[in-house]
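A look at the structure
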Amino acid sequence: MKWWQSYPKEVRILLIASLINSAGNALLWPLVTMFVFKILGRTVTDAGLVILVMSIGGIIGQVLGGALYHRVGVKRLIVGGLGLNALFLLSLPFGSGNWSLYMCLMAMIGFFNAISMPAMQAFIGFRFPERRGELFNAIYVANNIGVALGTSLSGFLVQISYNMTFILNGLTSGCFAVFFWFYLNKVQIKPGELHVEKKKSTQTESPWTLLTKYQVYLFMGIGSLFLWLGNCVWNNGVAPYTISRGMPEWYYSVLWTLNGVLIFVGQPFISWIRRTFAGSAQSQMTASAIFYMMGYITILVYPTYPSMVLAMVLATFGEMLISPAIPEFISEHTGKSAPFYIGVVGGMGAAGRVVGPYTMGMLFDWNGLVPVVWLSVIIATFSIISFSLHAYMNREREQKAYITM
């Protein structure tokens, strides 16, 4: 446990709090479709509409959260976002009887759950500049452990009550808000770009001016959009394919269990990749897209369950490379504008998750798994090109980062 002891005490507490919060979130997200279809008696299309509304709320929340970082302050964004998210979650058991109200509540949950994300990532980048890359990865691992625990627990809780999952999710979000309230009160006296409280006057550039600096964010955001769009192949290609072939449902669950286990036990391999082939965040993004494409090609060439297992391994390695790389690059190279760019790139990536399910669902209904996987391969190729362009436009920054390492 030397790696655990190497972190400062406040970092260890932050990791534990993040794990608990992500476990609480995982109680809700996997159950949306089941709740809408089974409990509310609506169609699967209605369930998809709920997820779409939540996703759109999440996109708006991420972009707005990044833009308001310096104007509102970290404390109001994180504590307020988490607190309101908890309030709407706790309201779900009372609002599910009215479809319109339920849709509004889910939109607000998507919005307030996302509005605090850019603030958290930017805060970590400003608070721990000397170890930001390592900490982004550590929090990513902690969150995924929490997701694995939460999804496992949700299956048992729904046997008792769906409302219990909503309440527990709300309570964990509320506890996370309280944690950040006390935590931020302790660090608000620190110098630098933390902006725990709202500043009366800030010298940040306007959002329109920041958007003109496209070299920093545009192709990275486009690559992220393509990457998460292609990743929809699992829910909207592989999942219905396994069912249509008569495979047990737990076959598909095993793929995601493997994903969660690999994110934890595969860290030494990813560290070796970073040391050997991908020394900078830009290189890690490109390598991530290559891993994803290799996974999709594996399914395309040999569409059997063992190939899907191998493809999940490759895709998980890609996920492990890119998830910490984007906030690390933005925090290192955009200074006090980092929250804005984190929100913009996060919103672009979320847009891929919005477009992907519908597009791939139509392709699967048309001709099964093959056209869905072909689309993912093509999209992964575009993602590689986008990340390569991003690396080329920021090659001077990459050289400086590599020399520093």
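Residues numbered from 1 in each chain as written. Predicted model: local features only at pLDDT ≥ 70, side-chain atom pairs only at ≥ 80, totals over all residues. Heavy atoms only, no water.

One UniProt comment on the chain, placed under Subcellular location (unreviewed entry), says "Cell membrane". (UniProt positions renumbered as here; feature names shortened; annotations may be inferred.)

Concerning the nonpolar core
Grouped together as the largest cluster of nonpolar side chains are 103 residues, with contacts concentrated most on Val50, Leu92, Phe180, Trp234, Met285 and Ile330. Per element, the largest residue contribution to this core is 10 residues, and it comes from helix 17 (residues 305-333). Taken domain by domain, this core gets at least three of its residues from each of domain 1 (8-187) and domain 2 (210-404). Among all residues touching valine 50, those that are not within four sequence positions of it are Val32, Val36, Trp99, Tyr102, Met103 and Met106. Counting residues in hydrophobic clusters, the runner-up holds 14 residues, among them Val141, Ala287, Val313 and Leu321. (Core = buried A, V, L, I, M, F, W, Y, C linked by side-chain atoms within 4.5 Å. Buried < 20%, exposed > 50% of the residue type's maximum accessible area, 1.4 Å probe, protein only. Helix = DSSP H or I, 4+ residues; strand = E, 2+ residues; numbered from the N terminus. Domains from an automatic or database assignment. Contact = heavy atoms within 4.5 Å.)

Describing helix 12 (residues 214-230)
Helical periodicity: at 3.6 residues per turn, an α-helix aligns residues three or four positions apart in one direction. The terminal C-alpha atoms of helix 12, which comprises 17 residues, lie 23 Å apart, in line with the 24 Å expected from a rise of 1.5 Å per residue. Burial in helix 12 covers these residues: Val216, Tyr217, Phe219, Met220, Gly221, Gly223, Ser224, Leu227, Trp228, Leu229 and Gly230. (Expected span 1.5 Å × (residues − 1).)

Considerations on the packing of aromatic side chains
In this structure the tally under the stated criterion is 20 aromatic pairs. On the numbers, 5.0 Å between centres and 75° between planes, the contact of phenylalanine 176 with phenylalanine 180 is edge-to-face. In this pair, phenylalanine 176 and phenylalanine 180 both sit in helix 10 (residues 162-187), four residues apart, roughly one turn of the helix. Of the residues examined, phenylalanine 176 reaches a relative accessible area of 4% and is grouped as buried. (Phe/Tyr/Trp six-rings, centres within 6.5 Å; stacked < 30°, edge-to-face > 60°.)

A word on the packing of helix 8 (residues 117-127) against helix 10
Across the interface, helix 8 lies against helix 10 with an axial gap of 14 Å and an inter-helix angle of 30°. Considered as vectors, helix 8 and helix 10 are oriented roughly parallel to each other. Seen from above, helix 8 lies across helix 10 with left-handed handedness. Residue-level contacts link Met120, Phe123 and Arg127 of helix 8 to Phe176, Phe180, Tyr183, Leu184 and Val187 of helix 10. Of the residues in the contact of helix 8 with helix 10, the class split is seven nonpolar, no polar and one charged. (Axes fitted to C-alpha atoms, helices over the stretch in contact; angles between N-to-C directions. Parallel < 35°, antiparallel > 145°, perpendicular 65-115°, else oblique. Left-handed = near helix turned anticlockwise from the far one by under 90°. Nonpolar A, V, L, I, M, F, W, Y, C, P; charged D, E, K, R; others polar.)

Some thoughts on the packing of helix 12 against helix 16 (residues 281-301)
Running from amino to carboxyl end, helix 12 crosses helix 16 at an angle of 25°, the nearest separation of the two axes being 11 Å. On the basis of the axis angle, helix 12 is roughly parallel to helix 16. Helix 16 is crossed by helix 12, and the crossing has left-handed handedness. Between helix 12 and helix 16, the residues in contact are Met220, Leu227, Trp228 and Gly230 and Met285, Ser288, Ala289, Tyr292 and Tyr296, respectively. When its residues are assigned to classes, the contact of helix 12 with helix 16 shows seven nonpolar, two polar and no charged.

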